[in-house]
Amino acid sequence: MSKELLKTLMSGIHTLAFLLVAFVIVVTLLFAYLKFRHKLKNRQKQQASLRKMLEDAQLQNNIFEINLQNQEIRYHTISCLLGKIGSETLELEALNLLPSELCHEAVEIFYRIYSKEGVTIRKFRSVIREVRNFERQTVLVVQFPDEIGSGERRLFHRIEPPKDRVRVIAFWALNPDLPLPKETNELGSPLLQYRHGVDKETIQVSDVSASGMAVQIATSVLGGMEQAFQKDARLLTLLVYCHAPDRPLVIYWSTCKICNVRNQETPEPALILGMEFTNWALLERGKSEIHWLATRQAAGISPMSQWVMQMDRDQQHLST
């Protein structure tokens, strides 16, 4: 074999080897690109599905319950409404001020979806990326979830508040034909009231949930006012409570519908009223303006949900 022929043959082999390597590289890159594109499409489909699930809850104005994974932090359960849904984050709005130390904390978030088939509990894990405090509320910016699963959680869990958590409760008759008062000075004297540490315990909150409460009223204080506390009657209610003895008082106004009434004979005669919240407002101390918000029974009320969850957590902690 001549040198020229051998040289030509070797050159052809090198060219073939180069083309083979180039082919393998191209196929590998193409495979990687198609795999990346497939994963991207799946990710986009998944994100679109997750976004739709979140938008459903947003349209229903449902409460999102944020549970902190760090047990050493005081705020273990925070009730929020879903605000902005971004591509990478969610903005959850809490109707109270929260500490900036919550930033970077891992959380588990529960929310409810209501349909003709019933109630579905959903949950996802996330991380708080940012804490934005405003005058009356806090916006928690959390990471967009990678997945949303089903969660087991009691809906509208009812709990009996410790007596020292309820500082004031008062009732006014409500005329459905008149607009709701916009100022506290529009109200006259209440039909009944109770102040912790001042009055006898003739009015007690038997239990409370995110959607309503049960109140026990001693028959001895009704004084002919039974008609105002009959089934389907409407009441304007003031409830001043606290999350803990060392925490600030919450001034909670609500309009209530009495859904059921029952008589208690022992140990002392009393009326037990089962009431649902229909409108509500939080009042700042020293202020007189009442800014009413309507509520949907399916969604519950954020401040009440937060109070119930806080008391539930406290009771579980004491039992352990």
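You'll find the structure just up there.
Worth saying up front: this structure is predicted, and the values here are computed from it rather than measured.

Further remarks concern unusual backbone geometry. Of note, the phi angle at N61 is positive, near 55 degrees, even though the residue is not glycine. On the secondary structure map, N61 appears in the loop between helix 1 (3-59) and strand 1 (63-68). With phi around 75 degrees, H104 is a residue other than glycine that occupies positive phi space. Relative to the elements of secondary structure, H104 occurs in the loop between strand 3 (89-94) and strand 4 (106-115). For H104, a relative accessible area of 64% translates into the label exposed.

On to the pattern of salt bridges, then. Taken as a whole and judged by the stated rule, the model has nine salt bridges. One salt bridge connects K52 with D56, and the closest N-O pair in it is separated by 2.9 Å. Of this pair, K52 and D56 both sit in helix 1, separated by four residues, roughly a single helical turn. A salt bridge links R132 to E130; its shortest N-O distance comes to 3.1 Å.

Cut-offs and rules
Residues numbered from 1 in each chain as written. Predicted model: local features only at pLDDT ≥ 70, side-chain atom pairs only at ≥ 80, totals over all residues. Heavy atoms only, no water. Helix = DSSP H or I, 4+ residues; strand = E, 2+ residues; numbered from the N terminus. Buried < 20%, exposed > 50% of the residue type's maximum accessible area, 1.4 Å probe, protein only. Salt bridge = Lys/Arg side-chain N within 4 Å of Asp/Glu carboxyl O.

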